[in-house]
Amino acid sequence: MAFESLSDRLQGAVQTMGKKGKITEGDLKEMMREVRLALLEADVNFKVVKDFVKRVNERALNSEVLQSLSPAQQVVKIVNDELTDLMGGEHVDIQYATTPPTVIMMAGLQGAGKTTTVGKLANFLKKNDHKKPLLVAGDIYRPAAINQLQTLGQQLDIPVFTLGDQVSPVEIAKQAVEHAKLQGYDLVFIDTAGRLQIDERLMTELKDIKVAVQPNEILLTVDSMTGQEAANVAKAFDEELDVTGVVLTKLDGDTRGGAALSIVSVTGKPIKFTGTGEKLTEIERFYPDRMSNRILG
Ligand code: GDP
């Protein structure tokens, strides 16, 4: 299960305390030490952990809490609330354009799951929000990328717009949006090139596409298995592109959880969806409160 070890450790920390009728400041200190270690071990950004522990402490070290009838439960609730806030509080949905088509530009490093996510998300919104999506092959550098998207499109029965690999991605994106308008597609997904690391050429190209088509959403796919590094990558992309949200992929293989717990604090941008497996149906809307409940059991 995702977040297994974090979940075990946090549950251990709060359960020990939950058994006590009354709790002292010493008990609280002991628990917070465990919580802090659990978060650091989960590869959560150091500063995020520090602020988190400070906030929980401030709220818990309050005589109303400590002298209440169920202090332990109250402290558990505080930890739950703060975990929820750490992951963004409320679910933030896709912002559709008032005049279709809604243009969603996808960005991310190579291997993060960007192309797969384009397919998954288009299919999800087609099924759940009754949209008519068009996929756009904007990665002209990786030889297999166009084919990969076309195969995905066939599997999902969603059309793919391509102009081959000899036309610039900016031009492809512009023509794709025009094509969508003419053909009545109300949702356009632009797949873009990824690289193994962030470089200037990649960013310049993404910025040029952004300027050319003014997307309603710029969604960043990041691999949750890379822990707090995912938050660093997201921050770097966000500084250049001002993204509207994050899709956290491969949550199914992430036993630690550091990315999900760091990324919102580090970037200020919401996690909108999570990828939860290799199958094309394995994508979910992200609800911070549900995730927090799951972590704390
Ligand atoms: P891109 O280079 O960013 O376009 O990455 P791809 O879409 O080609 O995905 C890279 C690999 O990650 C593929 O093997 C995908 O099947 C896999 N992948 C993508 N999303 C998920 C996910 O949510 N869970 C798992 N387990 N694998 C995923």
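Residues numbered from 1 in each chain as written. Predicted model: local features only at pLDDT ≥ 70, side-chain atom pairs only at ≥ 80, totals over all residues. Heavy atoms only, no water.

Sorry if this is basic, but what is going on with the site of the ligand here?
In the vicinity of the ligand, 17 residues are found, and the nearest of them are G111, K114, T115, T116 and D252. In isolation the ligand exposes 580 Å². Once the protein is present, 80% of that is buried. Of the residues forming the shell around the ligand, the biggest block, four residues, is contributed by helix α6 (residues 114-128). Residue composition of the shell around the ligand, grouped by class: two nonpolar, nine polar and six charged. (Near = heavy atom within 4 Å. Areas by Shrake-Rupley, 256 points an atom, 1.4 Å probe, with all protein chains shown as cover. Helix = DSSP H or I, 4+ residues; strand = E, 2+ residues; numbered from the N terminus. Nonpolar A, V, L, I, M, F, W, Y, C, P; charged D, E, K, R; others polar.)

What should I look at first to understand the packing of helix α10 (residues 228-241) against helix α11 (residues 258-267) in this one?
Any two packed helices are characterised by how steeply their axes cross, that is the angle between the axes, and by the distance between the axes. Contact geometry for α10 and α11: axes closest at 7 Å, N-to-C directions at 30 degrees. Between α10 and α11, the angle is such that the two are roughly parallel. With respect to the hand of their crossing, α10 and α11 are arranged in right-handed fashion. Contacts between α10 and α11 pair Q228, A230, A231, A234, K235 and D238 from the former with G258, A259, S262, I263, V266 and T267 from the latter. (Axes fitted to C-alpha atoms, helices over the stretch in contact; angles between N-to-C directions. Parallel < 35°, antiparallel > 145°, perpendicular 65-115°, else oblique. Left-handed = near helix turned anticlockwise from the far one by under 90°. Contact = heavy atoms within 4.5 Å.)

Whenever I open this one, the sheet that holds strand β1 (residues 102-108) confuses me. Can you help?
Strand-to-strand pairing in sheets goes through backbone hydrogen bonds, with the strands running parallel or antiparallel. Pairing within the open sheet is mixed, and its eight strands lie in the order β3-β2-β4-β1-β5-β6-β7-β8. Sheet topology places β3 (160-161) and β8 (283-285) at the edges, where each strand pairs with a single neighbour. Most of the contacts of α10 go to strand β5 (residues 217-223), to which it runs at about 160 degrees, and overall it touches β1 and β5. (Pairing = 2+ DSSP bridges.)

What is the right way to look at the environment of D191 in this model?
Following the sequence through the fold, D191 ends up in strand β4 (residues 187-192). For the pair formed by D191 and T116, sequence separation is 75 residues and the distance between their alpha carbons is 9.8 Å. The contacts of D191, once residues within four sequence positions are left out, are K114, T115, V118, V136, A137, G138, D139 and L149. Side chain to side chain, D191 and T115 meet in a polar contact 3.2 Å long. (Polar contact = N/O pair within 3.5 Å; in protein donor to acceptor, adjacent residues only side chain to side chain.)

Honestly, the pairing of strand β7 (residues 271-275) in this entry has me stumped. Any pointers?
Working note: regular strand, side chains alternate between the two faces of the sheet. Across the five residues of β7, five count as buried, placing the element largely inside the fold. Regarding topology, α11 serves as the crossover connection from strand β6 (residues 245-249) to the parallel β7, and that connection is right-handed. Of the pairings in the sheet, the one linking β7 to β8 comprises three bridges and is antiparallel in character. By the bridge assignment, F273 is partnered in β8 with R285. (Buried < 20%, exposed > 50% of the residue type's maximum accessible area, 1.4 Å probe, protein only. Right-handed = clockwise from strand over helix to strand, strands pointing away.)

I'm lost on helix α7 (residues 145-156) in this one. Help?
Three or four residues apart is the spacing at which side chains of an α-helix point the same way, because the helix has 3.6 residues per turn. Taking 1.5 Å per residue, 12 residues should reach 16 Å; α7 reaches 17 Å between its end C-alpha atoms and fits that length. For α7, the set of buried residues is A145, I146, L149, L152, G153 and L156. Looking down the long axis of α7, one finds its buried residues gathered within 125 degrees of arc, a one-sided arrangement. Turned more than 90 degrees away from the buried face of α7 sit Q154 and Q155, all of them exposed. Turning to α7, the residues buried within the fold contact α6, β2 (133-138), β3 and β4. Just downstream of α7, D157 is the residue with a positive phi angle, here 60 degrees. (Expected span 1.5 Å × (residues − 1). Arc of directions from axis to C-beta.)

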